[in-house]
Amino acid sequence: MAGVGGEAPQPRSHGKKKRRKSKRLGIRIDMTPLVDVAFLLLTFFMLTTSMARPQTMEINLPPDENVKVEIAESNLMTLRVNEKGEVFWNLGLDAPQRIEFDKLRGFIRERLQTNPRLVTLVKIDPKAKYEVMVNIMDELNLADMQRFSIARMTEQDQKLLANIKS
Amino acid sequence: MPKIKPKRHGVLIDMTPLVDVAFLLLTFFMLTTQFKPPEEVQIVLPSSHSEFKLPESDVMTLSISKDGRIFLGLDSQRLRARLFGAENQLKAGIEVPKANLAEMLIQARTMNPKLRTVIKGDKDADYGVAQDVMDILQKTKITRFNLVTNLER
């Protein structure tokens, strides 16, 4: 680049004057500041970009809330969560029993194996944390429980749960 | 030998390829970056194992803050201007009282029928608020929606 034409490297080796001359022939721009700025902007945009989009969980509600679905008592499992986030389960109209959240996934799998037509109804206390609902639904999904629905917790349910503790 | 030696004296690296690459990346990041308007409230997402991705566009976000307030957000600025008024178009979302939510949802859906509804709840929010929001969604015939979560682990 620097040496243009035929006079190339040889004259350079002699004396400073001649070297300068050959330098003038090839124009060099110092790109360092340009690169500095480019990388500065590059790092800025790299750090501000959020590549990962958040995950989502899909829910389908029945289109009409007045549609009644009849389920055999023996196929219905109810999961109730009280305001402290404690989970209780029962089959049909049995009395609810406490279950640790960590054991829930294995438990539901087991239940599904014994009865593949099991449907879960989830009732969560309105004072419970939103996180509880997400966690329960996540566990149900992980346990391959395809059919579950969410229902409002009635006062009756709350009383039922309160009675267990006492 | 004497020919080569003086050449080594001043080391000049040709930076052109470096600059090329730098600018290529720079343009890439500049074009992919979307500047989000600042969030109205900070929301700590719950985590789940679900791996559905949030849709890229036509998203209507219903944020539920820790103290139970509901915010309606839209990703397109034009739609925000039409729905929230021009003075609010730069905000990510506006607070909507529960009573007006259904009406707002219907309006938004008529303006853009492709809108997908997403609930973004704080993990410490009361479940009751989320339940109310879901009831409203069901009443406005939005029966398919997503919950935004973080990926666990």
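Quick caveat: nothing in here was measured; it's all calculated off a predicted structure. Every chain begins its residue count from 1, and numbering advances along the sequence as written. Written order decides the labels, with chains lettered from A and ligands numbered from 1. pLDDT decides what is reported in this predicted model: residues at 70 or higher carry local features, side-chain atom pairs at 80 or more are listed and counted, and totals for whole chains, interfaces and linings draw on all residues regardless.

Colleague: Could you clarify how one ought to interpret the packing of helix H3 (residues 32-48) of chain A against helix H2 (residues 16-32) of chain B in this entry?
Modeller: Two quantities define a packed helix pair, namely the angle between the axes and the distance from one axis to the other. Axis definition: a line fitted to C-alpha atoms, over the contacting stretch in the case of helices. Angles run 0 to 180 degrees between N-to-C directions. In this text, helices come from DSSP runs of H or I with a minimum length of four residues, and strands from runs of E with a minimum of two, each type numbered from the N-terminal end. Contact geometry of H3 of chain A with H2 of chain B gives a least axis separation of 9 Å together with a crossing angle of 30°. One finds that H3 of chain A runs roughly parallel with respect to H2 of chain B. As H3 of chain A runs across H2 of chain B, the sense of the crossing is left-handed. Across from Leu34, Val35, Ala38, Phe39, Leu41, Leu42, Phe45 and Met46 of chain A in H3 of chain A, the residues of H2 of chain B making contact are Leu18, Val19, Ala22, Phe23, Leu25, Leu26, Phe29 and Met30 of chain B. By the convention adopted, Pro, Cys, Tyr, Trp, Phe, Met, Ile, Leu, Val and Ala count as nonpolar, Lys, Arg, Asp and Glu as charged, and the other residues, Gly among them, as polar. Partitioned by chemical class, the residues of the contact of H3 of chain A with H2 of chain B number 16 nonpolar, no polar and no charged. Angle categories are assigned with fixed cut-offs, so that under 35 degrees is roughly parallel, over 145 is roughly antiparallel, 65 to 115 is roughly perpendicular, and the rest are oblique. By convention, the crossing between two helices is left-handed when the near helix turns anticlockwise from the far helix through less than a right angle, and right-handed when the turn is clockwise. Residue pairs are scored as contacts if the distance between their C-beta atoms, which are placed from the backbone, is within 7 Å.

Colleague: Just checking my understanding: could you explain the environment of Arg82 of chain B for this structure?
Modeller: Residue and element names in this part refer to chain B. As for its position among the elements, Arg82 is in helix H3 (residues 77-84). Three classes are used. A residue is buried when 20 or more other C-beta atoms lie within 10 Å of its own, exposed when 12 or fewer do, and partly exposed in between, with C-beta atoms placed from the backbone. Note on Arg82: 16 C-beta atoms within 10 Å, which makes it partly exposed. Sequence separation between Arg82 and Gln107 is 25 residues, and the spatial gap between their C-alpha atoms is 9.9 Å.

Colleague: Teacher, can you tell me more about the packing of H3 of chain B against helix H4 (residues 98-111) of chain B here?
Modeller: All names here are of chain B. Taken N-terminus to C-terminus, the directions of H3 and H4 make an angle of 135°; their axes are 11 Å apart at the nearest point. Considered as vectors, H3 and H4 are oriented oblique to each other. H3 and H4 meet at a crossing whose hand is right-handed. Contact residues: Leu79, Arg82 and Leu83 in H3; Gln107, Ala108 and Met111 in H4. Looking at the contact of H3 with H4 residue by residue, the classes come out as 4 nonpolar, 1 polar and 1 charged.

Colleague: Where do I start with the interface of chain B and chain A in this structure?
Modeller: For an interface, size is often stated in terms of accessible area lost upon the parts coming together. At the junction of the two partners, chain B supplies 49 residues and chain A supplies 43 residues. Of all elements in the fold, only helix H1 (5-9), H2, strand E2 (52-53), strand E6 (116-121), helix H5 (127-139) and strand E7 (144-151) of chain B reach the threshold of two or more residues within the side of chain B that touches chain A. Any two strands with at least two DSSP-identified bridges between them are counted as paired. Looking at chain direction, strand E1 (residues 55-60) of chain A and E7 of chain B are connected through 6 bridges and run antiparallel. If you follow Asn60 of chain A over to E7 of chain B, its bridge partner there is Arg144 of chain B.

Colleague: Explain the sheet that holds strand E4 (residues 97-99) of chain A to me, please; I cannot follow it from the model alone.
Modeller: Pairing between the strands of a sheet is mediated by backbone hydrogen bonds and can be parallel or antiparallel. Residue and element names in this part refer to chain A. The mixed open sheet is built from 5 strands, whose spatial order is E4-E3-E2-E5-E6. A strand with exactly one partner marks an edge of an open sheet, and here the two such strands are E4 and strand E6 (148-152). When strand polarity is set aside, the average angle formed by the axes of neighbouring strands in this sheet is 30°. Here strand E2 (residues 76-81) runs beside strand E5 (residues 119-124); their pairing, made up of 6 bridges, is parallel. Paired with Leu79 across the strands is Val122, a residue of E5.

Colleague: How do you make sense of unusual backbone geometry when you look at a structure like this?
Modeller: Glycine aside, the phi torsion of most residues is negative, and most peptide linkages are trans. Phi at Lys141 of chain B takes a positive value of approximately 65°, unusual for a residue other than glycine. As for its position among the elements, Lys141 of chain B is in the loop between H5 and E7.

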